[in-house]
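Given next are the chains, with one letter for each unit.
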Amino acid sequence: AMGDDREISYSRRKQWYAIGTRYRHSAFTYHTVTRCVDLLAQRGLITHNKAPGSGPSGIQSTMRANAELLALALPEGLHYALYGTVRLRRGGELVDYRDTDQSLRARKATQAINEALISIHADLPGVIRVNDAVWKAGNASLNPMRTTLFRSFSEDWRHGGRFYGGWWVNCPKDWRRRITIDGYATAEEDYPAHHLRMAYAQAGKTMPEGDAYTVVGFARDIGKQAMQTLLNATGYHSAWYATARVIECDTRNDADYRGNLSEQSLARARELLRALKAMHHPISGLFHTGIGLRFQRLDSDMMARILLRLQRRGIVGLPVHDSVIVPEQHAGIAYEAMEEAFYHVMGMAA
């Protein structure tokens, strides 16, 4: 209600509360949630849409706080608490898991990183401050209370693992330049062509000079998206169709177009993929193998190493996947930490 006025969904099935317990506070049980919601609805403090029937109907109940509830809650102030700093998703859904050495190490490192993050004040001058929980940066809504991170793994501990959760992660790139840390202007250091560079390192090859994404007859941004698709797709046809979709949307100047693909877009996508494969033939064996998620695990390990190395120097960085935001005067130290992390993980200089 304080943000974009969305309804909040919740489950009234006991079975739902039996899984995913490591991702929420122990107060969120079937009995406490359903009784509290019913009481709020009875008092007229929420708009409540109770899903019909019992059992997994595919429709969850929803609620939305009204003005009276907001007036009662806001004077006391709100606090955002993050639960589940190491998360595992399968098929897009959070799943419970037994801890392993990998998950324990990831949790310990994330805890240390979060302890450093809550010791600083990151701000965004010029942002529209709707209220204590909502900033508007262009078309993006940011929650400034979210100042801690979690790592999200995909399917197993070898894939994914990137850091999410901090408000700056969802901040548009042009706005990130305005971020300050403890009042200091910041710089954002990143790895150019990161996953492509990692692919060359894994193949034991040196990445060629020049722009990695420019193909004659195609916009550079489309070439970059096609290359990312080649590294992330699990088969040639999915890479081909995804690239054709990008070209079709660009041709129509409609980023949300989901209709049929033209023969011209399909042909141009095939041409673009063929050109990129020829340009990067030393690593073509890695294309459309789904290695992108594996690289996410490796680049997230790099970022954890970078953040902890900076902390040992008394510097707190804000991670944004393959880049890190630090006070401007520490940009050189961040660059050195990134070079060291790449070499440590990939065995070659970046």
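Note: the structure precedes this text.
Here the structure is a predicted model, which means the values were calculated and not measured.

Colleague: How do you make sense of the nonpolar core when you look at a structure like this?
Modeller: Across soluble globular proteins, nonpolar side chains show a tendency to be buried alongside one another. Counting 73 residues, the largest nonpolar core has L124, W168, L196, I306, L318 and V324 as its most contacted members. Apart from residues no more than four positions distant in its own chain, L124 is found in contact with R129, W135, A137, L142, W167, C171, W175, R178 and I179. With eight residues, the next largest nonpolar core counts Y23, V86, V95 and F153 among its residues.

Colleague: How should the side chain of R297 be read in this particular structure?
Modeller: On the secondary structure map, R297 appears in helix α9 (residues 291-312). On the accessibility criterion, R297 (13% relative accessible area) is buried. Residues within four places of R297 in sequence aside, it is in contact with Q102, R151, F153, W157, R158, H159 and G160.

Colleague: Before we go on, may I ask you to explain the pairing of strand β10 (residues 150-154) in this structure?
Modeller: On a regular strand, each side chain points to the face opposite its neighbour's, so the side chains alternate between the two faces of the sheet. The buried fraction of β10 amounts to five of the five residues, a majority that puts the element mostly inside the structure. Neither face of β10 is exposed, since F150, S152 and S154 on one face and R151 and F153 on the opposite face are all buried. With four bridges connecting them, strand β4 (residues 86-90) and β10 associate as parallel partners. Paired with R89 across the two strands is S154, which belongs to β10.

Colleague: What exactly am I supposed to notice about the sheet that holds strand β2 (residues 46-49) here?
Modeller: Backbone hydrogen bonds are what pair the strands of a sheet, in a parallel or an antiparallel way. The three strands are arranged β1-β3-β2 in an open sheet whose pairing can be described as antiparallel. The open sheet is flanked by β1 (8-10) and β2, the only strands paired with a single partner. Each adjacent strand pair in this sheet contributes to an overall mean axis angle of 25 degrees, direction not counted. Relative to strand β3 (residues 61-65), β1 is paired through three bridges, and the arrangement is antiparallel. Residue I8 lies in a different strand from β3, and its bridge partner there is M63. Across the sheet, helix α1 (residues 30-42) touches β1, β2 and β3, and the angle it forms with β2 is around 120 degrees.

Colleague: I keep staring at α1 and nothing clicks. Help me out?
Modeller: Owing to its 3.6 residues per turn, the α-helix aligns residues three or four sequence positions apart on the same side. End to end, α1 covers 18 Å across 13 residues, agreeing with the expected 18 Å (1.5 Å per residue, within 8%). Among all positions in α1, only V33, T34 and V37 are buried. Seen end-on, α1 carries its buried residues on one side only, within an arc spanning 90 degrees. The outward face of α1, more than 90 degrees from its buried face, is lined by the exposed residues R35 and Q42. Close packing links the buried residues of α1 with β1, β2 and β3. Note on α1: the residue one or two positions beyond its end, G44, has a positive phi of about 75 degrees.

Colleague: Can you help me understand the sheet that holds β4 in this one?
Modeller: The mixed open sheet is built from four strands, whose spatial order is β5-β4-β10-β11. Two strands bound the open sheet, and with one partner strand each, they are β5 (93-94) and β11 (160-164). With two bridges joining them, β4 and β5 adopt antiparallel strand pairing. Looking at the pairing, R90 lines up with E93 of β5. Sitting on the sheet, α9 touches β10 and β11, and the angle it makes with β11 is about 50 degrees.

Procedures and definitions
- Residues numbered from 1 in each chain as written.
- Predicted model: local features only at pLDDT ≥ 70, side-chain atom pairs only at ≥ 80, totals over all residues.
- Heavy atoms only, no water.
- Core = buried A, V, L, I, M, F, W, Y, C linked by side-chain atoms within 4.5 Å.
- Buried < 20%, exposed > 50% of the residue type's maximum accessible area, 1.4 Å probe, protein only.
- Contact = heavy atoms within 4.5 Å.
- Helix = DSSP H or I, 4+ residues; strand = E, 2+ residues; numbered from the N terminus.
- Pairing = 2+ DSSP bridges.
- Axes fitted to C-alpha atoms, helices over the stretch in contact; angles between N-to-C directions.
- Expected span 1.5 Å × (residues − 1).
- Arc of directions from axis to C-beta.

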